[in-house]
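Residue-level listing of the chains:
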Amino acid sequence: YFDIGPTDRYTEDQLDDFQSDILYGGNSDESNKRINAFFDRYFQIYDMYLHNQITKEFFHEIVDKFLADLS
């Protein structure tokens, strides 16, 4: 991830380059898709944990499973 900051300090060509980097430099990478899927699942489970819908132990067990699936 690269935060370019305020865009008004860049030329149109530079902004086009950033757009290309964003679209083709990693968003289509399969590992990024797996990482994003991990975070989607993680935050759902974390929300359940925060609202006392699952125990701490079960939360950690699920997260460990998610991490194992990630590698």
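Values in this document were obtained by computation on a predicted structure and should not be read as measured data.

Draft legend 1. Just the overall build of the protein, in detail. A count of helical and extended segments in the protein gives three helices and zero strands. Across the protein, helices and strands are ordered from the amino to the carboxyl terminus as α-α-α. The buried share of the protein, taken over its 71 residues, is 14%. Total accessible area computed for the protein in this model is approximately 6,000 Å², and 53% of it derives from carbon and sulfur atoms.

Draft legend 2. Quick peek at the nonpolar core. Among the nonpolar cores identified, the biggest contains seven residues, and these are F38, I45, I54, F59, I62, V63 and F66. Broken down by secondary-structure element, the contributors of at least two residues to this core are α2 (30-50) and α3 (56-70). Here the element with the most residues in this core is α3; it accounts for four residues.

Draft legend 3. Inspection of the pattern of salt bridges at higher detail. This structure, assessed with the given rule, holds one salt bridge. D69 is paired through a salt bridge with K65; the nearest N and O atoms lie 2.9 Å apart. Of this pair, D69 and K65 both sit in helix α3, four residues apart, roughly one helical turn. D69 sits in the partly exposed class, given a relative accessible area of 41%.

Draft legend 4. Seen up close, the confidence of the model for the protein. When pLDDT is averaged across the protein, the result is 84; 89% of the residues are at 70 or more. Mean pLDDT across the elements of the protein ranges from a minimum in helix α1 (residues 12-24), with 82, to a maximum in α3, with 93.

Draft legend 5. Broad picture of the packing of aromatic side chains. The tally for this structure, following the rule as stated, stands at 10 aromatic pairs. On the basis of an interplanar angle of 10° and a centroid distance of 5.9 Å, the ring pair of Y42 and Y46 is categorised as stacked. Of this pair, Y42 and Y46 are both found in helix α2, four residues apart, which corresponds to roughly one turn of the helix. Given a relative accessible area of 21%, Y42 falls into the partly exposed group. With relative accessibility at 32%, the residue Y46 sits in the partly exposed group. Taking the centre distance of 5.9 Å and the plane angle of 55° together, the rings of Y46 and F59 count as tilted. With Y46 in helix α2 and F59 in helix α3, this residue pair connects regions lying 13 residues apart in the sequence.

The rules behind these values
Residues numbered from 1 in each chain as written. Predicted model: local features only at pLDDT ≥ 70, side-chain atom pairs only at ≥ 80, totals over all residues. Heavy atoms only, no water. Helix = DSSP H or I, 4+ residues; strand = E, 2+ residues; numbered from the N terminus. Buried < 20%, exposed > 50% of the residue type's maximum accessible area, 1.4 Å probe, protein only. Areas by Shrake-Rupley, 256 points an atom, 1.4 Å probe, with all protein chains shown as cover. Core = buried A, V, L, I, M, F, W, Y, C linked by side-chain atoms within 4.5 Å. Salt bridge = Lys/Arg side-chain N within 4 Å of Asp/Glu carboxyl O. pLDDT = per-residue confidence, 0-100. Phe/Tyr/Trp six-rings, centres within 6.5 Å; stacked < 30°, edge-to-face > 60°.

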